[in-house]
Amino acid sequence: HRASLFYWLFQKAIPSLVGNEACQRVYLVITDGDSQQCTQMDDAIKSVFTKAKRRRCGWHIVDRGWVRYVGSFRGRRDPRRADIDAIVDEVKAWLYSLIKEIETVECELLARDTVSCTCAIQGGGHVS
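Enquirer: Explain the pairing of strand S1 (residues 28-31) to me, and be specific about the residues and the numbers.
Expert: Here S1 runs beside strand S2 (residues 53-56); their pairing, made up of 4 bridges, is parallel. Its bridge partner lying in S2, Leu28 is registered against Lys53. Handedness of the crossover is the feature at issue here: the chain leaves S1, passes through helix H3 (residues 35-47), returns alongside S2, and the resulting connection is right-handed.

Written out as structure tokens, the structure reads:
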């Protein structure tokens, strides 16, 4: 059911609202990694946003990856919790800065090949 919603959104609604010319000026699409969303966006890139590339959101890569593969120390009763939280925050900040550098270089490369490039580069947290 969600796949059909993403299909409608990316291949019907957005092109109808903004027009095909605007869709052709999209060069970078950042997704959260939802498999149904990514599949439908990849299909839409082939047919609607033909100049675009897709990449995953830096916040989702770091934060969700951390929770999935490392786990969370938040809420655990440990006398070293403050120290652990500070280390975790430093590691995440370093990962966010690395992703920001990669996104900046990617935008510069895209801008070199196109008339305009607009990239939302996220800092150290998720933007709602």
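Enquirer: Please provide a residue-by-residue account of the packing of aromatic side chains, values included.
Expert: Applying the stated criterion across every chain, the model contains 1 aromatic pair. Measuring from ring centre to ring centre gives 5.8 Å for Phe6 and Phe10, while their planes differ by 5°; the resulting arrangement is stacked. With a gap of 4 residues between them, Phe6 and Phe10 both fall in helix H1 (residues 2-18), about one helical turn apart.

Enquirer: So, the pattern of salt bridges: which residues are in play, and what are the values?
Expert: Summed over the entire model, instances satisfying the criterion amount to 5 salt bridges. As a salt-bridge pair, Arg25 and Glu21 come within 3.4 Å of each other at their nearest N and O atoms. Taken together, the salt bridges that share partners define one network made up of Asp63, Arg64 and Lys92.

Enquirer: A description of the packing of H1 against H3 should follow, citing residues and the corresponding values.
Expert: The N-to-C vectors of H1 and H3 enclose an angle of 30°; their axes lie 9 Å apart at closest approach. With respect to H3, the axis of H1 lies roughly parallel. Crossing of H1 over H3 shows right-handed handedness. Residues Arg2, Ala3, Phe6, Tyr7, Phe10 and Gln11 of H1 pack against Gln36, Gln37, Gln40, Met41, Asp43, Ala44 and Ser47 of H3. Class assignment for the residues of the contact of H1 with H3 results in 6 nonpolar, 5 polar and 2 charged.

Enquirer: Can you lay out the environment of His1 for me, pointing to particular residues and giving the numbers?
Expert: Looking at the element boundaries, His1 is found in the segment before H1. Between the C-alpha atoms of His1 and Gln36, which are 35 residues apart in sequence, the distance is 9.8 Å.

Conventions adopted
Residues numbered from 1 in each chain as written. Predicted model: local features only at pLDDT ≥ 70, side-chain atom pairs only at ≥ 80, totals over all residues. Heavy atoms only, no water. Pairing = 2+ DSSP bridges. Helix = DSSP H or I, 4+ residues; strand = E, 2+ residues; numbered from the N terminus. Right-handed = clockwise from strand over helix to strand, strands pointing away. Phe/Tyr/Trp six-rings, centres within 6.5 Å; stacked < 30°, edge-to-face > 60°. Salt bridge = Lys/Arg side-chain N within 4 Å of Asp/Glu carboxyl O. Axes fitted to C-alpha atoms, helices over the stretch in contact; angles between N-to-C directions. Parallel < 35°, antiparallel > 145°, perpendicular 65-115°, else oblique. Left-handed = near helix turned anticlockwise from the far one by under 90°. Contact = heavy atoms within 4.5 Å. Nonpolar A, V, L, I, M, F, W, Y, C, P; charged D, E, K, R; others polar.

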